Structure formats: structure tokens, C-alpha cells
Amino acid sequence: MKRLNVLHPKALLKVMAILVPLLVSVGGVSGLSYAQSPSVSAEVVSATAAESGHAVPAAHEEEKAGDVIMHHIFDSNIFAFHPFGEIELPKIAPVAGIDISITKHVVMMWLVSAILLIIFSVVGGKYKKMTNRQAPKGLTNAVEALVEFIRLDVAKSNIGHGYEKHLPYLLTVFFFILLCNLLGLVPYGATATGNINVTLALAIFTFFITQIAALKAHGLKGFLAHLTAGTHWSLWIIMIPIEVIGLFTKPFALAIRLFANMTAGHIVILSLIFISFILKSYIVAVAVSVPFSIFIYLLELFVAFLQAFIFTMLSALFIGLATAHDGHDEHAAEVAHH
Amino acid sequence: MLTSGVILLQANLLSPNPGLIFWTAVTFVIVLLILKKIAWGPIITALEEREKGIQSSIDRAHQAKDESEAILRKNNELLSKADAEADKIIREGKEYAEKLRADITGKAQEESKKMIAAALSSIEQEKHRALDVLRNEVADLAVMGAEKIIKTVLDADMQKKIVNSMIQDLSTKRN
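J.: Would you explain the side chain of T172 of chain A in this entry?
T.: Of note, T172 of chain A is situated in helix α7 (residues 167-183). Of the residues examined, T172 of chain A reaches a relative accessible area of 0% and is grouped as buried. Apart from the residues within four sequence positions on either side, T172 of chain A is in contact with F28, V31, L32, L35 and W40 of chain B.

Put into C-alpha cells, the structure is as follows:
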């Protein structure tokens, strides 16, 4: 909270420096009824605009802007459909000290799951009926392109022998993340993958799958020998902690990368929209906020695919490295810089 | 307003929320299991089958090509063999005909020589016989002439002259 308040004026100063000429010339225009301005942004990202429309008319715009942005990104118990009202999600009594109430992001994940199940039950049914002399078309064809890409370019090329075993996980994680990312861009949606807990849970799956694959491939003895990285025993006191930390940093980086990418995009879009509110200027809205947020929105569409791909790709790579009989983490480090 | 402020206080960007981790895990595992059953299984099986089908079609095509090439090669071999065979037969036929012709000509020549030789020998024999017959005839004539002379002119000197001249005549005639 405090950190955000410190950061925000700095960012504003930069924006101000760019927009001083505009501000000077626009003084008269900004006197117009301000409450209507959300309708301009509504064409771009109606969800965010609608929320901001709800929040902005209050007195302290500058403080409220940060609140609204954070409100949009954070998980909550309230599913808001401004201006149509909001749904309070049910609270569940804590089980074993853990609060397992349904939140906005849980609902989004369920929505994603439902869409996935519908799409893939249709596609799966078509494949069951299809003989291998028939070519797929329509939705089946589109899904097949992605499935074939994950199967050959991600799983087979990174894991190699025995990739079929990990294919269901990689495919599911790819489509799950992709749809979570995309639903975050839909009005009234929320990005479940922009929550560190969600990405962490997915990364934990990758972690366990990687370790189990390594144990199966090398046995317990080989797994422990791998921790010493094949060095002299006198170096073990350094190597073993490094290797153990290495085991955890890979999935941790996976979680942080996805979370940060999805969160950052949304913060940028919302900030661009809020520039026009803070500066109280239609010209800023038309010249800066709308075009730039459209640009970032399109970029976000690309990032949604890219991040889903990178998460899947790195998961496959980690599994491949864990099961490979030689080679080490250097290659992983190279790829992990995405 | 109040709710958003409270939420902001409660939640932090990096605050852990075990409940959400739990729900994520549960949702993801269920989705994974269902999709594995209804989608990934059939799709991947179908893709693999199609891959195998395409591969086997390519293999079959290659095999057919190899086979047809082998057949073509075999045909060509047979054709050239047949050509050689025909050549050989013609050559042999020619050789045989040549030989046969030579044989027949040789035999005919031999035969004709034999026939000529036989004719010559038979001519010689006939000549000898004719001479023999002539000698007998001449002797008879001489005897008859002498008888006549003796009967008509019994004159010693004249007889001697006549006999001598007649013998003379005969000897010149004979030669």
C-alpha cells in the first residue's frame, strides 16, 4: 500500500512532463461534465471503464485511481458487474485453518474449466468418430493445430523419449493458462493467472511432475547423485545447497513470470485509462488513453498466448532436463530468460 | 468505496492465499483428469493413427515403386535374353543350313564321279567284247575265203600270193 503510493506520484510526474502542453491548452475543455468520460473508454475495455466509472466521481481521484487499479487486479469475494450491481460470493467456513471461500479468481477458473470441458468434449467426440482418412475441419482443426504444436514442438522436442506420458499435463496446462489469460481480457472478467497463488499452484504441479520424472528416470540413487552435480566430494557442501535451491527456483521463476506478465499488462492498461481521469481531459483520453490502451490490449492478446506457451515450454524443458541422462541446467537458464 | 479500501488493506499483490492454491489445485486436477479421458486420449490416438497411416501409405508407395522397378528390370532382362535367344537360333539355323548344303553338294559330286567312273568301265568292257566278236568274225571270213580260193584256183604260186596279200590286208585293217 505504502510502496504503491510512493511509486505512483513518480509515474505521474513523468506523464505530466509529457503532457504539460496538452494540459495548458485543454483547461477549458476539461470543465465539461466529467462523469460521461467512461463511455469513451468503455469502447476499449468496458469492464475496466465501468469500474472506473463507479469509482472516479469521488473527491480524491489521485488516491482512488491506485485503489481502483488494485481492486481490479486483486482477488476478492465480490464479483462486480458495474453498473448492473455485484454478486457477493459465498463464504465457506475455514477448514483446518485455511480459508477456502470461493473468490472471484476461483469463479474465473471454474468458468475456464467449463469452457475447456465444453470445447474438448465436442472436439474429443469428433475425434472418436473420425477415421484416419478424414481431415479435421472447423473447431477441430483449430484445436488440432494447437495440440499438434504442443505435442511435437513442445513435448516431443524437449522431453524426447517417453513424452507421451507428460502430454496430458502439458496440454491441459497450456489450454488452462491460455483461457485464463484470455478471459482476463474480456469485459467483467478477471485474470486468474494474474494471481500469484494460482500460478504458484500450477508451478507446484510442474515441480512435482519434474521431480517424479527425475526419480523414475534415474532412481533414488541417481537423483541424489544428480544433486552433487558430479563434482568432487569436497565441493558437495557448496554444490548440494545450490542444486537444491536450483530445484525450487525453476518452478518459482515459472510462477513469478506468468503472474508478473499478466498483472503488468492489466496495470498498464488501467493506468493509461486513468491518465485521462486524473488529468480531466478529453483530449488526453482520445489522444493517449484510448490508442495506447488499444495497443497494450492487442499486445496483451499476444502475451496471453506467449505466456501460456512459455509456461508449457519451460515445464516440458524442465521435465526433459530431469529425465535426460546427460547435460545440465545451462540450457534451461538460457531459455528461462524469456 | 469502503469495500474496495478494505480489500486493498486485506490483500497484497504477493500475499499467499492457501485457499486459492487449494482451489486451483483441485480445479486443475479435475480438469486434467476429465480432459485426459474425454479429449487428450481420443485426439492423441487419432493423431498417432493418422501419422502411422500416412507413414504406412508412404511406405506402401515406396514399396510399390520398388516392386514395379524390379518388374521392369526383370522384363528388360527377359526381353534381352529373348533377343539373344532368337539371335542364337537364327545363327544356328544358318550354320546348319550351310552345313547341310555343303554335305549335299559333296555327296552329289561324289555320286556323279562314281557314275562317270562306272560308265567309263562299262564302255571299256563293251569295247573289249566288240573286239573279241570282230576277231572271231574275221577268222571265220578268212577261213571261208580260203576255202573258196582253194576250191576255185588251185595254183601254188597264185595261192601263195593271194594268201599273203589277204593277210596283209587284214593286218592293215585291224590296225
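Continuing now.
J.: Could you clarify how one ought to interpret the pattern of salt bridges in this entry?
T.: For side chains of opposite charge, pairing can occur when their charged atoms come near one another. All names here are of chain A. All told, the structure shown has seven salt bridges over all chains when counted by the stated rule. Its salt-bridge partner being E148, residue R151 comes within 3.2 Å of it at the nearest N-O pair. With R151 and E148 both in helix α6 (residues 139-159) and three residues apart, this pair spans about one turn of that helix. Here R151 falls in the buried class, since its relative accessible area comes to 1%.

J.: What's the story with the interface of chain A and chain B in this structure? I'm lost.
T.: Where interface size is quoted, it is often the accessible area lost as the parts come together. The interface of chain A with chain B comprises 62 residues on the first partner and 42 residues on the second. Of the roughly 4,400 Å² buried where chain A meets chain B, counting both sides, 77% is carbon and sulfur surface. Between chain A and chain B we count three salt bridges in total. A salt bridge links R50 of chain B to E144 of chain A; the shortest N-O distance between them is 2.7 Å. The interface formed by chain A and chain B contains four residue pairs in polar contact (both at pLDDT 80 or more). Within the residue set of the side of chain A that touches chain B, elements represented by two or more residues are α3 (46-55), α4 (61-73), α5 (104-129), α6, α7, α8 (196-227) and α9 (236-279) of chain A. When its residues are assigned to classes, the side of chain A that touches chain B shows 38 nonpolar, 15 polar and nine charged.

Calculation notes
Chains are numbered independently. Their residues run from 1 in the order of the written sequence. Chains carry letters from A onward and ligands carry numbers from 1 onward, assigned in written order. Confidence filtering applies because this is a predicted model: local features only for residues at pLDDT of at least 70, side-chain atom pairs given and counted only at 80 or more, and all residues used for totals across whole chains, interfaces and linings. Working from all heavy atoms in the structure, the side-chain values ignore hydrogens and water. To qualify as a helix, a DSSP run of H or I must reach at least 4 residues; to qualify as a strand, a run of E must reach at least 2; elements of each kind are numbered from the N terminus. Exposure is judged per residue with a 1.4 Å probe applied to protein chains only, and the accessible area is read against the type maximum: over 50% gives exposed, under 20% gives buried, and values in between give partly exposed. By definition, residues are in contact when any of their heavy atoms lie within 4.5 Å. What makes a salt bridge here is a side-chain nitrogen of Lys or Arg within 4 Å of a carboxyl oxygen of Asp or Glu, nothing more. Accessible surface is computed with a 1.4 Å probe, and the buried area is the amount of it that two parts give up when combined, taken over both parts together. We define a polar contact as two N or O atoms separated by no more than 3.5 Å, with the added condition that, inside protein, one atom must be a possible hydrogen donor and the other a possible acceptor, whereas residues neighbouring each other in sequence contribute only through side-chain atom pairs. For this scheme, ten residues count as nonpolar: Ala, Val, Leu, Ile, Met, Phe, Trp, Tyr, Cys and Pro. Four count as charged, namely Asp, Glu, Lys and Arg, and the remainder, Gly too, count as polar.

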